[in-house]
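Observations on chain architecture
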Amino acid sequence: MPAKTMDELVSLCKRRGFIFQGSEIYGGMQGAYDYGPLGTELKNNLKNAWWRAMVYERDDVEGLDAAIIQNKHVYKYSGHEDTFTDPMVDCHECKSRMRADHMKDIKKCDNCGSDNVTEPRDFNLMFKTNVGPMVNEDSYTYLRPETAQGIFTNFKNVVDSTSRALPFGIAQIGKSFRNEITPRNFIFRVREFEQMELEFFCKPGEDEKWHDFWVETRKQWWLDQGLTEENIQFEYVTGDDLAHYSKSTVDILYKFPHGFEELEGVANRTDYDLGSHTKAQEEFDLSAKVKKNEHSTAKLAVRDLEANKWEVPFCIEPSAGLDRGMLAIMTEAYTEEELENGSTRTVLKFKPHLAPIKVAILPLKKNKPEIVALAKELKNKLQKLGLGRILYENTGNVGKGYRRHDEVGTPLCVTVDFDSIEKDDAPVTVRDRDTMEQVAIPAAELPAYIINYFVNQD
Ligand code: ATP
């Protein structure tokens, strides 16, 4: 049974160290969350799974890690300075602030029901910041509202350094910032978040074919992370709902505890971004900084050798939110099971490659030196396999350990007991999170057993 309420998830996340309210000791900070010990592992595992699928398993994608702070002209020419806005409504009675396109009725306050509300007005979502010690009207820039612009501005650098020809993509994972009018629903809508973005460049005319391809490929990737078909939907974005750069967008929605909402957007950005940055290079006075000749101006295009002309590629962008991905994975994994003895257990049924702790090693007796030594030796051996975090945990209470590890989604627990040090074949007990079955394995064979489990389960 998936999580019934967001409250259950929020409470588990705090109790077990996945996610904490940001700046909590000062009363919190709306729209900012901190990832705790297990949340950090889960996040890294999800990022690694994305990078593996989008970069390593393909031969037509390169990676990038661009700066968060860019020249303000990037956002002028990308169109964000003028158009990256949401419509905002204020209530004169209760002072609530609302996003007009999320209101039930834009003439009535969602909070108090009063009709004493303002007309919707555009609010730019970019955080403005000052760069350098002098504060003057030119010293500002913005925190990036999407990672994509760093990819577009580096298009020529990547093409030149990798000799790529169309079609090919550039992938990037990183923080983005949006001054959301109403951050809400835990980590679903926050002001600081991470995106996993691919900009896939292709010939104009081939864009619709690639758009379809990426919508299906991305959906399959989410299924591979453990989300289920019935909790995923597509929404075809049209008309005024399209972003300023998009010709068509398909949103991949997930059934979060608060309903079906966007998890990832797959947009056909056409030649909008590369085109407008290229055009800007021609208009913008770069004379002081860049010598104007064909090699030094940033023509963000590829040379069509047959037609002997520059051609600005089209771009398909699958843009996934890492924080929303975490929330979806946790929602799907959250299970409450009734046991034969009438008690219930909470289990996070993560796919093994996403589990924050892969294996927990639990010595049966806290103070028995031979048991402790063997448990530590096994931890060190398994850690070297490179599967992720292997936890040695010496509390002496194996039963409670199983419960705790069910709740944080550890796929396997290994118990080291007296048999492990006394018998010739030194058996340890491996307990499976989902089936709760226990098997005895000779300690010497444990690394092979564990590798086999993780390779076959995913
Ligand atoms: P929404 O309509 O929910 O505001 P959007 O359409 O503006 O989202 P995009 O610009 O398409 O979002 O961004 C791509 C992805 O980045 C989204 O699918 C989402 O997963 C993530 N994302 C965007 N804004 C936020 C946010 N405020 N908090 C968390 N994740 C976000």
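Reading the values: the criteria
- Residues numbered from 1 in each chain as written.
- Predicted model: local features only at pLDDT ≥ 70, side-chain atom pairs only at ≥ 80, totals over all residues.
- Heavy atoms only, no water.
- UniProt positions renumbered as here; feature names shortened; annotations may be inferred.
- Core = buried A, V, L, I, M, F, W, Y, C linked by side-chain atoms within 4.5 Å.
- Buried < 20%, exposed > 50% of the residue type's maximum accessible area, 1.4 Å probe, protein only.
- Helix = DSSP H or I, 4+ residues; strand = E, 2+ residues; numbered from the N terminus.
- Expected span 1.5 Å × (residues − 1).
- Contact = heavy atoms within 4.5 Å.
- Near = heavy atom within 4 Å.
- Polar contact = N/O pair within 3.5 Å; in protein donor to acceptor, adjacent residues only side chain to side chain.
- Areas by Shrake-Rupley, 256 points an atom, 1.4 Å probe, with all protein chains shown as cover.
- Nonpolar A, V, L, I, M, F, W, Y, C, P; charged D, E, K, R; others polar.

The protein chain is annotated in an unreviewed UniProt entry as Glycine--tRNA ligase from Marinomonas mediterranea. Under the UniProt heading Sequence similarities (unreviewed entry), the note attached to the protein chain is "Belongs to the class-II aminoacyl-tRNA synthetase family." You can read under Subcellular location (unreviewed entry) in the UniProt record for the protein chain the words "Cytoplasm".

Moving on, we come to the nonpolar core. Inside soluble globular proteins, nonpolar side chains tend to come together where they are buried. One finds Phe18 and Phe350 to be the most contacted residues of the largest nonpolar core, which totals 57 residues. Here this core gets eight residues from one element, more than from any other, and that element is helix H2 (residues 37–56). Judged by nonpolar contacts, the second largest core, of 20 residues, contains Ile371, Leu382, Val414 and Ile450.

We now examine helix H10 (residues 369–383). Turn by turn, an α-helix covers 3.6 residues, leaving residues three or four places apart pointing in a common direction. The end-to-end C-alpha separation of H10 is 21 Å, in line with the 21 Å expected for 15 residues at 1.5 Å each. Looking at the packing, one finds that the buried side of H10 touches strand E19 (359–363), strand E20 (390–392), strand E21 (412–416), helix H12 (418–422), strand E22 (427–432) and helix H13 (446–457).

Before going further, it helps to spend a moment on the UniProt feature "binding site: substrate" (unreviewed entry) in the protein chain. Per the UniProt annotation, the sites labelled "binding site: substrate" (unreviewed entry) are Arg99, Glu146, Phe193, Glu194, Gln195, Met196, Glu197, Glu317, Pro318, Ser319, Ala320 and Gly321. The greatest C-alpha distance among the annotated residues, which extend across 223 residues, is 25.5 Å, indicating that they are dispersed rather than converging on a single site. Structurally, Glu146 can be placed in the loop between strand E8 (140–142) and helix H5 (148–153). As for its position among the elements, Phe193 is in strand E10 (residues 192–202). For Phe193, a relative accessible area of 13% puts it in the buried group. Apart from residues lying up to four places away in sequence, Phe193 is in contact with Pro145, Gly174, Lys175, Ser176, Phe177, Arg178 and Asp323.

To continue, consider the site of the ligand. Near the ligand there are 15 residues, and of these Glu180, Arg189, Val190, Glu262 and Leu263 occur at the shortest range. Here Arg189 contributes a side-chain N or O atom positioned 2.8 Å from an oxygen atom of the ligand. In this structure, Val190 approaches the ligand through a main-chain N or O atom, which is 2.8 Å from a nitrogen atom. Burial of the ligand by the protein chains amounts to 84% of its free accessible area of 590 Å². Of all the secondary-structure elements, those providing two or more residues to the shell around the ligand are E10, strand E13 (259–270) and strand E16 (314–321). Considering every element that reaches the shell around the ligand, the biggest residue donor is E13, with four residues. A class-by-class count of the residues in the shell around the ligand yields four nonpolar, four polar and seven charged.

Looking now at the environment of Val416. Among the secondary structure elements, Val416 is positioned in strand E21. In this structure Val416 comes out as buried when scored by relative accessible area, which is 0%. Residues Val416 and Ala373, spaced 43 residues apart in sequence, show a C-alpha to C-alpha distance of 9.9 Å. Apart from the residues within four sequence positions on either side, Val416 is in contact with Ile361, Leu362, Pro363, Leu364, Ile371, Leu374, Ala375, Leu378 and Val428.

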